[in-house]
Amino acid sequence: MIASPSQALPAPDEDARAHGERVHAHIVAQIHDNGGWLDFARYMDLALYAPGLGYYSAGSTKFGAAGDFVTAPEAGTLFAHALARQLAPLLLAQESPVILEPGAGSGALAGELLPALNELGAPPARYLILEPSAQLQARQREYLKSRLTTRLLRRVKWLNRLPAQMPAGVLLANEVLDALPVQRFRITAEGVMPLGVSVTAKDELCWAQGPHDPAFAALVRARLGTLLDGLPPGYESEFCAMLPAWLTSVLECFEAGAALLIDYGLPRREIYLPERSAGTLRCHFRHRAHDDPLILPGLQDITAWVDFTTVADTAGQCGWEVAGYATQAHFLLDGGIDIATVAAQSLSPESVTRASELKTLLMPGEMGERFRVMALTRGLNMQPPGFGLRDLRDRL
Ligand SMILES: C[S@@+](CC[C@H](N)C(=O)[O-])C[C@H]1O[C@@H](n2cnc3c(N)ncnc32)[C@H](O)[C@@H]1O
């Protein structure tokens, strides 16, 4: 997702402010019930997913111009059409393949991808959307009903839990891994400490170090390995403890197939650099990006960069192979984005919008470099397209 770097944040309107106050009160009550301190992952989970209150569970617009940020499928139609061209051969190589899209947001990707795959003669047998937010599910249903033909709509099914194992298909997750709650830690002279959230005497949210917890310290050590030894006291960062279990559970839905995971992130050793001493948390509110997750709980998105080394290790442990790892720009330019067609439209009224969409998707300062695409395969006798220009697997 992208939004402008920090500028003064606009004030929430009256309804939003009232909603934010309810979320704040709920979190404060949880902190008091928990002895005055919450692990950051628990805080992030409440701020984003508390039923009826969290950012993704309640009614705000979130995506697109009227929301807080723009994701690649929200930037226009080029991304979905590029993906369709790259997914078609993977789908055609399998018998009755199913697409599983966890975290489908507004439904923008599914709404463009399904007709595009259909045109390429490669519609999936079913398109499963695993969406934990009831509010987003309702929005996706409404959007896809208006966007898809009855025949294509019949292929879409919404799930509240993971499906039983399927023989073949493609897992497609755009900006989902960065939305999973993360634990925060701080390096101190006494060792690695959990960093969480507490309240001031006036019930304002504030950062607070938790007590030394050997199990937590061991978890950080297991994830960072020797990288931990190069980090100075005062260094703060985060890691996603639930990532391996979550990814394993979705990959295990397929006996064979491919997965495309698209997100902003880096290999582990490029995340835990001594100079990146405040971590990678990023918040989005009304198209402003900043790094304070304790303000505007329930009204802003909170994300953290994805550790693609953990993604690759987890995939290996459950029998999947890392078939490619590239920047979004290289991935899309390698046969996905059809620059010639876009250029041919350059005299049309659409050209300015197209140019701005290309810039969003491909430029290094926007999504082109910061976003990475990882392809995983199991039991599939072909190389996924998109990694011919530049494959960065050796950096993992
Ligand atoms: C940043 S949005 C991305 C939406 C969409 N994929 C896009 O690119 O526009 C994150 C999405 O992940 C979903 N999500 C969060 N946790 C999830 C989980 N454990 N399983 C599946 N989806 C999840 C959210 O509800 C939301 O739809």
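On a predicted model such as this, the values are computed, not experimentally measured, just so you know.

**Q** Account for the packing of aromatic side chains, with residues named and values stated.
**A** The geometry of an aromatic ring pair is captured by the separation of the ring centres together with the interplanar angle, meaning the angle of the planes. Under the criterion given, the structure shown has eleven aromatic pairs. The interplanar angle of 85° and the centroid separation of 5.4 Å between the aromatic rings of Phe-63 and Phe-69 together place this pair among those described as edge-to-face. Residue Phe-69 is classed as buried on the basis of its relative accessible area, which comes to 0%. Through a chain of ring-to-ring contacts, three or more aromatic side chains come together here, namely Phe-185, Phe-216, Phe-239 and Tyr-272. The side chain of Lys-62 reaches across the aromatic face of Tyr-55, ending 5.5 Å from its centre. Looking at Arg-184, its charged tip hangs above the ring of Trp-207, at a distance of 4.9 Å from the centre.

**Q** Let's hear about helix H4 (residues 108-119): which residues, and what values?
**A** With twelve residues, H4 should cover 16 Å at 1.5 Å per step; its first-to-last C-alpha distance of 17 Å lies within 8% of that length. Where burial is concerned, most of H4 is hidden: nine out of the twelve residues are buried. Buried within H4 we find Ala-108, Leu-109, Ala-110, Gly-111, Glu-112, Leu-113, Leu-114, Ala-116 and Leu-117.

**Q** Which residues make up the state of the cysteines, and what values go with them?
**A** Tallied over the full model, the rule gives zero disulfides. Not engaged in a disulfide, the cysteine Cys-240 finds its nearest cysteine sulfur in Cys-318; these two sulfurs lie 15 Å apart. Residue Cys-240 is classed as buried on the basis of its relative accessible area, which comes to 9%. With no disulfide of its own, Cys-283 has Cys-240 as its nearest cysteine by sulfur position, at a separation of 16 Å.

**Q** Can you lay out the pattern of salt bridges for me, pointing to particular residues and giving the numbers?
**A** Counting across every chain of the model gives twelve salt bridges. Among the charged side chains, a network of salt bridges with common partners joins Arg-184, Arg-186, Glu-236 and Glu-238.

**Q** Run through the site of the ligand, naming residues and quoting values.
**A** The immediate surroundings of the ligand are formed by 19 residues, with Tyr-49, Thr-71, Gly-103, Glu-131 and Asn-174 found nearest. Within the contact set of the ligand, a nitrogen atom lies 2.7 Å away from a backbone nitrogen or oxygen of Gly-103. One nitrogen or oxygen atom from the side chain of Glu-131 is found 2.6 Å from an oxygen atom belonging to the ligand. The fraction of the free accessible surface of the ligand (600 Å²) that becomes covered by protein chains is 94%. Grouping the constituent residues of the shell around the ligand by class yields 13 nonpolar, four polar and two charged.

**Q** Which residues make up the side chain of Ser-133, and what are the values?
**A** Mapped onto the fold, Ser-133 is located in the loop between strand S4 (126-130) and helix H5 (134-147). From its side chain, Ser-133 meets the backbone oxygen of Tyr-56 in a polar contact 2.5 Å long. The residues touching Ser-133, leaving out its near neighbours within four places in the chain, are Tyr-56 and Ser-57.

**Q** Report on the pairing of strand S3 (residues 98-102), specifying residues and quantitative values.
**A** Within S3, five of the five residues are buried, leaving the element largely enclosed by the surrounding structure. Residues of S3 alternate between two faces, with Val-98, Leu-100 and Pro-102 on one and Ile-99 and Glu-101 on the opposite face, all of them buried. Where S3 meets strand S6 (residues 169-174), three bridges bridge the pair, whose relative direction is parallel. Paired with Ile-99 across the two strands is Val-170, which belongs to S6.

**Q** Let's hear about the side chain of His-19: which residues, and what values?
**A** On the secondary structure map, His-19 appears in helix H1 (residues 14-33). For His-19, a relative accessible area of 13% translates into the label buried. Sequence-distant contacts of His-19, that is, excluding residues within four places in its chain, are made with Gly-52, Leu-53, Ala-58, Gly-298 and Leu-299.

**Q** Outline a nonpolar patch on the surface, listing residues and values.
**A** On the surface, Leu-333, Ile-339 and Leu-389 cluster together into a nonpolar patch covering about 250 Å² of accessible area. By the secondary structure assignment, Ile-339 is in helix H12 (residues 339-344).

**Q** Tell me what's going on with unusual backbone geometry, and back it up with residues and numbers.
**A** Note: most peptide bonds trans; most residues except glycine with negative phi. Although it is not a glycine, Ser-96 sits at a positive phi angle of roughly 45°. With respect to the helices, strands and loops of the structure, Ser-96 is situated in the loop between helix H3 (78-92) and S3. Unlike most non-glycine residues, Glu-175 shows phi in positive territory, near 55°. Note on placement: Glu-175 falls in the loop between S6 and strand S7 (183-188).

**Q** Mind laying out the packing of H1 against helix H2 (residues 40-49), listing which residues take part and the relevant values?
**A** Contact geometry for H1 and H2: axes closest at 10 Å, N-to-C directions at 150°. The angle between H1 and H2 places the two elements in the roughly antiparallel class. Handedness of the crossing formed by H1 with H2: right-handed. Residue-level contacts link His-26, Ile-27 and Gln-30 of H1 to Arg-42, Tyr-43, Leu-46 and Ala-47 of H2. Partitioned by chemical class, the residues of the contact of H1 with H2 number four nonpolar, two polar and one charged.

**Q** Tell me about the environment of Gln-94, and name the residues and values.
**A** Note on placement: Gln-94 falls in the loop between H3 and S3. Spatially, the C-alpha atom of Gln-94 lies 40 Å from that of Leu-227, the residues being 133 residues apart in sequence. When neighbours within four sequence positions are excluded, Gln-94 is seen to be in contact with Ala-168, Gly-169, Val-170, Ala-256, Gly-257, Ala-258 and Leu-380. At 3.1 Å, the side chain of Gln-94 and the backbone oxygen of Leu-90 are in polar contact.

**Q** I'd like to hear about the environment of Asp-338, residue by residue, with values.
**A** With respect to the secondary-structure elements, Asp-338 resides in the loop between helix H11 (328-333) and H12. C-alpha of Asp-338 to C-alpha of Ala-189: the two residues are 149 residues apart in sequence and 54 Å apart in space.

Reading the values: rules and limits
- Residues numbered from 1 in each chain as written.
- Predicted model: local features only at pLDDT ≥ 70, side-chain atom pairs only at ≥ 80, totals over all residues.
- Heavy atoms only, no water.
- Phe/Tyr/Trp six-rings, centres within 6.5 Å; stacked < 30°, edge-to-face > 60°.
- Buried < 20%, exposed > 50% of the residue type's maximum accessible area, 1.4 Å probe, protein only.
- Lys NZ or Arg CZ within 6 Å of the ring centre and 35° of its normal.
- Helix = DSSP H or I, 4+ residues; strand = E, 2+ residues; numbered from the N terminus.
- Expected span 1.5 Å × (residues − 1).
- Disulfide = S-S within 2.5 Å.
- Salt bridge = Lys/Arg side-chain N within 4 Å of Asp/Glu carboxyl O.
- Near = heavy atom within 4 Å.
- Polar contact = N/O pair within 3.5 Å; in protein donor to acceptor, adjacent residues only side chain to side chain.
- Areas by Shrake-Rupley, 256 points an atom, 1.4 Å probe, with all protein chains shown as cover.
- Nonpolar A, V, L, I, M, F, W, Y, C, P; charged D, E, K, R; others polar.
- Contact = heavy atoms within 4.5 Å.
- Pairing = 2+ DSSP bridges.
- Patch = residues over 30% accessible without salt bridge, like charges linked within 9 Å, V, L, I, M, F, W, Y side chains within 5 Å.
- Axes fitted to C-alpha atoms, helices over the stretch in contact; angles between N-to-C directions.
- Parallel < 35°, antiparallel > 145°, perpendicular 65-115°, else oblique.
- Left-handed = near helix turned anticlockwise from the far one by under 90°.

Keep in mind these numbers describe shape, not what the thing actually does.
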